[in-house]
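# Analysis of the macromolecular model
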Amino acid sequence: MLKNPASKYRPFHPVSLPDRRWPDRVLTAAPTWCSVDLRDGNQALAVPMNVSQKLELFDALVKCGFKEIEVGFPSASNTEFAFNRRLIEEGRIPDDVTIQCLVQAREDLIEKTVQSLVGAKKVIIHLYNSTSPAQRRVVFGKSKEEIKAIAVQGARWIQERLPRLAGTDVRLQYSPESFSMTEVEYAKEIAEAVMDVWRPTPERKMILNLPDTVEVAMPNVYADQIEWICRNIRDRGSLIVSLHTHNDRGTGIAATELGLLAGADRVEGTLFGNGERTGNLDLVAVALNLYMHGIGSGLDFSDLGKVVDVYERCTGMTVPPRQPYAGELVFTAFSGSHQDAIKKGLTEWEKGGRPNWDVPYLTIDPADIGRRYQEVIRVNSQSGKGGVAYLLEAEFGIELPKDMQREFGPIANDLVDALGREVKADELKAMFWREYVDRVSPWELVHFHADGVDGRFQARASLRRLGVEAKVDGEGNGPIAAFVAALVAAGAPGFEVANYREHALSAGSGASAISYIQIKTADGRVRWGAGVDTNIELASMKAVLSALNRLG
Ligand code: KIV
Ligand code: ZN
C-alpha cells in the first residue's frame, strides 16, 4: 500500500446541500420493494441460474410478497428471453405482480425486450445508460450531449413500441447508471430529457432509479444526492424516485436507509445482498430493520430459513453465518454475560406483561422469522454458567438451582475449553450426567426404604461401597436426614444437607424426577449432587450419594 494514498487517490467531492433535511426525518413507512435477484443478482453469478432455478427463485420472491420483480435482461441471452416467455405463457405471474426487464438504449435490444413481454399483464421496461465522467470518457468517448442523446433515443425507441404491448399495463423506468458518480446537475438534465419523451404524470408516474452503481462515498453523500434530485427535479410529483445501492464500501444498507429519508419512494435490491462485487442492497435486512421499529414492510420473512435454502440452492451462493437476520449465528450468543442477559430477557418476555420486545442483544424476536429460542444460546469456552443452564433447561427441562449453576458452569467451561470447540446440548447433558448423576463410586445405592411418624423417620438402605454391599440404617426428622445419619454411621465423613431442590423431568427424558442436593461437610467443604429416578425419594438419596462421591 502507498505511504501517501493522496498521491494516487482523491477525496470524493460531495454535492453542496447546506440546508439538507433528511437528517431530521425518521422512517415511518416501507418503500415499494423491487427485487433484482433474477437480473442484477443473476448477472453476478459465476454460473448464472438456468430457467428452472430462475422459476423456483421467482416463486419464492412472490411468496415473500415482492410485487415488482426484475426478471432479467431478455435481450442478453436466450435463457433470459425464454424465461420471460415461460413466466407469461404458463401464467406464472400473479395479477398483482409486475415483472421488470432491463435494457440498454439500443434499438435491436429494445425490440427483443418488447417481444419478450408480449402478453404480460403488468410490466416495467427499465432503460439505462451510464452517465458518470469516467464512463463518458473511458467507455463511450462521448460528450455530455452525446450521452444524453443516447438516453433520449432509447426512450423514443421504447415509446414507439408501446402500441405493441396493447393490453399490458406498462410502466417506464430510467436509470442514469453510475448516478452517484455523476454530477447531480447533469443527472437531472438527462433524467428530464427522458421525461420529455415519456411525459409522466402524477397519475402515470415514471420510475427514476438513481443507482449507487459503485459505492464511492459515505452514505450521507448519497442521501444528499437523492435529496438534491428530489428537491430540484422538474415534476417530482410525476416520478417514483427509486434507490439501487451496491455495497463496495460496506454501507449499501445505510445508503438506502438514508436515501429513503432523503425522499425516495422505492428500493431495488436482492435477497441477502447478492450482486456484482460486494453485492447489491440486502432487501431482507432493510425490511427487517423497519420491522424492528414496528414498521410493517409488506414482505413476509416468517420462514427466513426456507428463503435461505431456496436462495442457496438456486444461486449456488451461501449466506454467511453473520449475515444480518439470516445468518446461522445471528441469534446465537457464546459470551457468558450476553447469554445471561438474553436468558433473563427471554424469561421476562415469556412471562408476558411487557408491551414491547426489549430483550438484551436480540433486536427482534427470532420466532418472528422462524428461528428458535433454543438456538439462541450455544456453548463454547467463552460461555458462562448462564448459557450452560439455559441449554440444559431449554433442551431437557433440567432446572439447575442458581448456586449449582455457579458450580457446574466452570466445570463445563473447562471441559469445553479442553475440547476446543462448541458443544451441542446433548454433549452438555452428557457432561452433567458424568459429573453428577453417574457418580456412583465409592458409594452406590442398592436399596432404600424409610418410614416414620411424627417427624421421626427410620431409614434402611443397602449400599455398595467400593463393590462391597452393606446394610445401613439411621434416624432423622425426614427420610433424607435419616439417610444422612445412616451414611455417617456407616463411615461417611460428617456432613449436613445445605440445599435441596427437586422437580419432575419433561416427558421423554427417560426418568420422571431429578433431585439436586448440596452438602456441607464438618470441615467446611461444599458440594452439589444430582440424582435421577422414576421415584422422587430415590432420586434424592442418589443426589446425596452423588454429592458425597464428589468430595473425592
Ligand atoms: O448498478 C446499476 O447501476 C444497475 C443499473 C443497471 C440499474 O444495476
Ligand atoms: Zn446494480
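Above: the structure in question.
Residues numbered from 1 in each chain as written. Chains lettered and ligands numbered in written order. Predicted model: local features only at pLDDT ≥ 70, side-chain atom pairs only at ≥ 80, totals over all residues. Heavy atoms only, no water.

### Things to note about the coordination of the zinc ion (ligand 2)
- Looking at the metal site, the zinc ion (ligand 2) is ligated by Asp40 (OD), His244 (NE2) and His246 (NE2), spaced 2.0 to 2.2 Å from it.
- Donor residues binding the zinc ion (ligand 2) come from one chain and are separated in sequence as D-x203-H-x1-H. Note on accessibility: His244 and His246 belong to one class, buried. (Donors = N, O, S within 2.8 Å, 3.2 Å for Na, K, Ca; no water. Buried < 20%, exposed > 50% of the residue type's maximum accessible area, 1.4 Å probe, protein only.)

### Let's talk about the pairing of strand S14 (residues 526–533)
- Counting buried residues in S14 gives six out of eight residues, a clear majority hidden from the surface.
- Taken together, the eight bridges between strand S13 (residues 513–521) and S14 define a ladder with antiparallel strand orientation. Residue pairing across strands places Ser515 opposite Gly531, the latter belonging to S14. (Helix = DSSP H or I, 4+ residues; strand = E, 2+ residues; numbered from the N terminus. Pairing = 2+ DSSP bridges.)

### Some words on the nonpolar core
- Ranked by internal contacts, the top residues of the largest apolar core, which has 132 residues, are Phe301 and Phe432.
- With 10 residues, helix H7 (residues 184–198) is the largest single contributor of residues to this core.
- If you look at the next biggest cluster of nonpolar residues, it comprises 25 residues, including Ala450, Leu463, Ala543 and Leu548. (Core = buried A, V, L, I, M, F, W, Y, C linked by side-chain atoms within 4.5 Å.)

### Overview of a nonpolar patch on the surface
- A cluster of nonpolar side chains, namely Val138, Val139 and Phe140, defines an oily patch on the protein surface of about 280 Å² accessible area.
- Topologically, Phe140 is positioned in helix H5 (residues 133–140). (Patch = residues over 30% accessible without salt bridge, like charges linked within 9 Å, V, L, I, M, F, W, Y side chains within 5 Å. Areas by Shrake-Rupley, 256 points an atom, 1.4 Å probe, with all protein chains shown as cover. Salt bridge = Lys/Arg side-chain N within 4 Å of Asp/Glu carboxyl O.)

### As for the sheet that holds strand S10 (residues 456–465)
- Spatial strand order, S9-S10-S11: three strands in an open sheet with antiparallel pairing. Only two strands of the sheet have a single neighbouring strand rather than two, namely strand S9 (443–453) and strand S11 (468–476). The mean inter-strand angle of the sheet, taken between neighbouring strand axes irrespective of direction, is 15°.
- The pairing of S10 with S11 spans nine bridges and is antiparallel. By the bridge assignment, Arg464 is partnered in S11 with Glu469.
- Along the sheet face, helix H16 (residues 479–489) touches S9, S10 and S11 and points at about 130° away from the line of S11. (Axes fitted to C-alpha atoms, helices over the stretch in contact; angles between N-to-C directions. Contact = heavy atoms within 4.5 Å.)

### A short note on unusual backbone geometry
- The linkage connecting Ser441 with the following residue, Pro442, adopts the cis geometry, with an omega of 5°.
- Position of Pro442 relative to the elements: it lies in the loop between helix H15 (425–437) and S9.
- A positive phi angle is found at Tyr325, which is not glycine, with a value near 65°.
- By the secondary structure assignment, Tyr325 is in the loop between helix H11 (304–315) and helix H12 (336–351).

### Let's talk about helix H2 (residues 51–64)
- When the terminal C-alpha atoms of H2 are compared, their 20 Å separation across 14 residues agrees well with the 20 Å that a helix rising 1.5 Å per residue should span.
- Just past H2, the residue Gly65 takes up positive phi, approximately 105°. (Expected span 1.5 Å × (residues − 1).)

### Here's the deal with the packing of helix H14 (residues 402–419) against H15
- Viewed as axis vectors pointing N to C, H14 and H15 meet at an angle of 115°, and their least axial separation amounts to 11 Å. The way H14 lies across H15 gives a crossing that is right-handed. Judged by residue contacts, Met404, Glu407, Phe408, Ile411, Ala412, Leu415, Val416 and Leu419 of H14 engage Leu428, Met431, Phe432, Glu435 and Tyr436 from H15. (Left-handed = near helix turned anticlockwise from the far one by under 90°.)

### Side note on the environment of Asn499
- Structurally, Asn499 can be placed in strand S12 (residues 495–504).
- Since its relative accessible area comes to 33%, Asn499 is described here as partly exposed.
- Sequence-wise, Asn499 and Tyr516 are 17 residues apart; in three dimensions their C-alpha atoms are separated by 7.9 Å.
- If near-sequence neighbours (up to four positions away) are discounted, Asn499 is found in contact with Tyr516, Ile517, Gln518 and Trp528.

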